[in-house]
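Okay, here's what each chain looks like letter by letter:
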Amino acid sequence: MKVIYKIAKRELQMLFYSPIAWLLLLCFAIQTGIIFSELFGSLVRDANEYGHAWRASKTLFAFGDQGEGLWIQVQSFLYFYIPLLTMGMVSKDLSSGSIKLLYSSPISSLQIILGKYLCMVFYALILMAILSIYLIIAWCTVENFEEAWILTGFLGVFLQTCTYMVIGIFMSSLTSYQIIAAVGTFLIFMLMSMVGGMGQQYDLVRDITYWLCINGRSSTFIQGMLCSEDLIYFPVVIAMFWH
Amino acid sequence: MNKSIVKVEHLSHRYSVQWAVSDISFEIPCKGIYGLLGSNGAGKSTVMNILCGVLKQTQGNAFINGINTKENTIEAKKFIGFLPQKPPLYNDLTVEEYLSYTAELRHMPDNEIAAAVGEVLELCAISHFRKRLVKNLSGGYQQRVGIAQAIIHKPQLVVFDEPTNGLDPNQIIEIRELIRGIAKERTVILSTHILSEVQAICDHILMIEQGKLVFSGTVEEFDNYIVPNTIYVSLADAPSVDVLSQVEGITQVEELGGPNFRIHFTDVDLAMDRLVEQSAVNHWKMVEIRLEKSSLDTIFAELSKKK
């Protein structure tokens, strides 16, 4: 466990030595900031106009009269960020030859991958920390804030990020070219989104493709429901790509 | 019973359809520098990668300190330090951070890492670069950092894959000196296709050609692999070639210029005895007489043909 943590720590350090990690954090903060301020602004306008804002928690984070909330919008653009982050996780080691250092050290391949994944989970937590700023602002300002509902959605977004990351690491381990890894990850995300619409006329195929489809998987969480099916889905996909 | 540090039994490895290494067996019982010699593409790196756990062999077994690398890979790797052909560096880390990380990967206790890093920095003469980013070092110093990571955990076996590749002559001399120092306390295997390197630093030679082991022995045995068939003789008051040719046991005489001759013979002892004897009797004033050894290049070429 200690060596996994050490690999994760060093990977995170190296990730932040590259401008991509900082740039993506900046873009994510700006993009989510704009979305949240627009949603929050419209609520403030409603409150000024009508004396109060209806279903404020839901409007801000899930869906409401103003359209899609923060969690839903984050969920829809998250897949742009992850391949750019994960593309170099293993492929960089393969192309630079530093993978031989890891392979010749007394550690298992599982520990190497776990360390790299843990690094990505730390990064996901940083992304979640940015989102939690908006959560705290809303919690402090909205009267009768529906924290359980919103936190469930927050968990859904986090799990979806972790799932995307494991797919990205998997693709990165297949090639020594980072760009191929990024494009491959996009393709897998696309495939996992589109699979839900395939063979819908057949019951069995529909059941299978529904289960494989990642699209809207965290929507159940965003709607405030913790379904065992969705709770199992994310770890299963993570384990599948792990292997 | 003493365990060999390395034991390889019927090792074979295949890349897709082509066999890179085929049925190789050898044993390295003690300390010293072992040169893995062979032309480019002979299979040296494949053998090294298998020994260090980077590759899984197709067939056969490799044992490090008695531990089968196939069955107990992680335990076996604890005894190894490896410098691949291209040093496995993280360019964005400082030398100190990089070496600390490699020590952590080798399960060194946290409280011993700083001292171990200091020690290898000193040994590899890179202490003054400890805070510098690896990517800002020259090729020679990057190679030293690579060597430092291979020995930081004081492994019993250190494997260097072409450690002097791409270095300038001064750096080559320094790296060779460093390797000699390392070999005082542990077993070193180094691969190379440079014959002078083998002669300069190795005690033993394992030569691989086309995936097969064609020679295993000491450097002296390698030197004498081709039985000498000529004698070099220098005579201050030399007779004519015809006179020399009539000495018993001599079949042919070549003039090498001045008082020097190359003598071909049927029986080495007979030819030498008679030459010394005739030189004394006829006052040819012998200055030098010695058996001419084949050059390393000749032996290498000869062994390369052997399959």
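Model, not experiment: these values are computed from the prediction. (Residues numbered from 1 in each chain as written. Chains lettered and ligands numbered in written order. Predicted model: local features only at pLDDT ≥ 70, side-chain atom pairs only at ≥ 80, totals over all residues.)

Now for the overall build of chain A. Counting its regular elements, chain A contains twelve helices and two strands. Its helices and strands in sequence order give chain A the pattern α-α-α-β-β-α-α-α-α-α-α-α-α-α, from N to C terminus. By the compact-globule yardstick of 18 Å for 243 residues, chain A fits well, its C-alpha radius of gyration being 20 Å. Projected onto its principal axes, the C-alpha positions of chain A cover 65 × 50 × 30 Å. Of all 243 residues assigned to chain A, the portion counted as buried reaches 38%. (Helix = DSSP H or I, 4+ residues; strand = E, 2+ residues; numbered from the N terminus. Rg over C-alpha atoms; globule rule 2.2 N^0.38 Å. Buried ≥ 20, exposed ≤ 12 C-beta atoms within 10 Å, placed from the backbone.)

What follows concerns the overall build of chain B. Check the secondary structure of chain B and you find eleven helices and 14 strands. For 307 residues, the compact-globule estimate of 2.2 N^0.38 gives 19 Å, and chain B exceeds it by more than 25% at 25 Å. Taken along the three principal axes of its C-alpha coordinates, chain B extends 80 × 45 × 40 Å. When each of the 307 residues of chain B is scored for burial, the buried share is 41%. Taking as baseline every contact in chain B between residues at least 6 positions apart, the subset at least 24 positions apart corresponds to 65%. (Contact = placed C-beta atoms within 7 Å.)

In many analyses, interface size is given as the accessible surface area lost on bringing the parts together. Taken together, the 16 residues of chain A in the interface contact 22 residues of chain B. Elements supplying a minimum of two residues to the side of chain A that touches chain B: helix 1 (2–17) and helix 6 (99–104) of chain A. Classifying every residue of the side of chain A that touches chain B by side-chain character gives eight nonpolar, five polar and three charged. (Nonpolar A, V, L, I, M, F, W, Y, C, P; charged D, E, K, R; others polar.)

It is worth spelling out helix 3 (residues 95–105) of chain B at this point. Along helix 3 of chain B, nine of the eleven residues are buried, which leaves the element largely enclosed by surrounding structure. Listing the buried residues of helix 3 of chain B in full gives Val95(B), Tyr98(B), Leu99(B), Ser100(B), Tyr101(B), Thr102(B), Ala103(B), Glu104(B) and Leu105(B). Close packing links the buried residues of helix 3 of chain B with helix 1 and helix 6 of chain A together with helix 4 (110–123) and helix 5 (139–151) of chain B. Downstream of helix 3 of chain B by one or two residues, His107(B) has phi in the positive range, about 60°.

All right, on to the domain arrangement of chain B then. In terms of domain boundaries, chain B breaks down into domain 1 (6–223) and domain 2 (230–291). Relative placement of domain 1 of chain B and domain 2 of chain B: their C-alpha centres are 47 Å apart. (Domains from an automatic or database assignment.)

All right, on to the sheet that holds strand 10 (residues 212–218) of chain B then. Residues and elements named next belong to chain B. Taken together, six strands build an open sheet; the order of strands is 6-7-8-3-9-10 and the sheet is mixed. Where the open sheet ends on each side, the last strands, each with one partner, are strand 6 (80–83) and strand 10. Across the sheet, the mean angle from the axis of one strand to that of its neighbour is 15°, orientation sign disregarded. Packed on one face of the sheet, helix 5 meets strand 6 and strand 7 (157–161) and runs near 165° to strand 6. (Pairing = 2+ DSSP bridges. Axes fitted to C-alpha atoms, helices over the stretch in contact; angles between N-to-C directions.)

Over its 33 residues, helix 7 (residues 109–141) of chain A extends 48 Å from the first C-alpha to the last, a length consistent with the 48 Å expected when each residue adds 1.5 Å. Leu131(A) marks where helix 7 of chain A bends most, by close to 25°. (Expected span 1.5 Å × (residues − 1). Bend = angle between axes of the 7 residues up to and from the residue.)

The next subject is the nonpolar core. In terms of nonpolar packing, the biggest core is built from 128 residues, with Ala148(B) and Val159(B) touching the most fellow members. Sorting elements by how many residues they give to this core places helix 7 of chain A first, with twelve residues. Here Ala148(B) is in contact with Leu99(B), Val120(B), Leu121(B), Cys124(B) and Ile126(B), once residues within four sequence places are set aside. (Core = buried A, V, L, I, M, F, W, Y, C linked by C-beta atoms within 7 Å.)

This part covers unusual backbone geometry. Residue and element names in this part refer to chain B. You will see that Ser-16, though not glycine, has its phi angle at about 50°, which is positive. Here the phi dihedral of Asp-23 falls at roughly 50°; this positive angle occurs in a residue that is not glycine. Residue position: Asp-23 is located in strand 2 (residues 18–28). In this structure Asp-23 comes out as partly exposed when scored by C-beta crowding, with 14 C-beta atoms within 10 Å.

The next point concerns the environment of Gly258(B). Mapped onto the elements of the fold, Gly258(B) is located in the loop between strand 12 (250–255) and strand 13 (260–265). Sequence spacing of Gly258(B) and Phe129(B) is 129 residues, and the spatial spacing of their C-alpha atoms is 55 Å.

Residues and elements named next belong to chain A. At a closest axis distance of 10 Å, the pairing of helix 7 and helix 8 (residues 147–172) adopts a crossing angle of 150°. With respect to their mutual orientation, helix 7 and helix 8 come out roughly antiparallel. Crossing angle aside, the handedness with which helix 7 passes helix 8 is right-handed. For the pair formed by helix 7 and helix 8, the contact residues are Ile-113, Lys-116, Tyr-117, Met-120, Val-121, Ala-124, Leu-127, Met-128, Leu-131, Leu-135 and Trp-139 on the first element and Glu-147, Ile-150, Phe-154, Phe-158, Thr-161, Cys-162, Met-165, Val-166 and Ile-169 on the second. Class assignment of the residues belonging to the contact of helix 7 with helix 8 gives a composition of 17 nonpolar, one polar and two charged. (Parallel < 35°, antiparallel > 145°, perpendicular 65-115°, else oblique. Left-handed = near helix turned anticlockwise from the far one by under 90°.)

Let us now look at the environment of Gly140(B). Residues and elements named next belong to chain B. Residue placement: Gly-140 occurs in helix 5. Taking the number of C-beta atoms within 10 Å as the measure of exposure, Gly-140 has 16 and is therefore partly exposed. Along the primary structure Gly-140 and Leu-51 are separated by 89 residues, whereas in three dimensions their C-alpha atoms are 25 Å apart. Apart from the residues within four sequence positions on either side, Gly-140 is in contact with Leu-167 and Gln-171.

All names here are of chain B. One can find Leu-37 in strand 3 (residues 32–37). The spacing of Leu-37 and Arg-132 is 95 residues in sequence and 35 Å in space, taken between C-alpha atoms. Beyond its immediate stretch of four places on either side in the chain, Leu-37 contacts Thr-192, Val-198, Ile-205, Leu-206 and Met-207.

This next bit is on the confidence of the model for chain B. Interpretation of the predicted coordinates at a detailed level should be avoided for regions scoring low in pLDDT. All names here are of chain B. This prediction gives chain B a mean pLDDT of 87; 96% of its residues lie at or above 70. Within chain B, helix 3 carries the highest mean pLDDT (94), whereas helix 11 (residues 296–305) carries the lowest (72). Our summary of model confidence lists the complex with pTM equal to 0.82 and ipTM equal to 0.82. (pLDDT = per-residue confidence, 0-100.)

Attention shifts here to the pairing of strand 12 of chain B. Residues and elements named next belong to chain B. As defined by bridge partners, strand 12 adjoins strand 13 across five bridges and the pair is classed as antiparallel. Bridging across to strand 13, Gln-252 finds its partner in His-264. As consecutive antiparallel partners, strand 12 and strand 13 are separated by four residues, and within that stretch Gly-257 has a phi angle of approximately 100°, a positive value.

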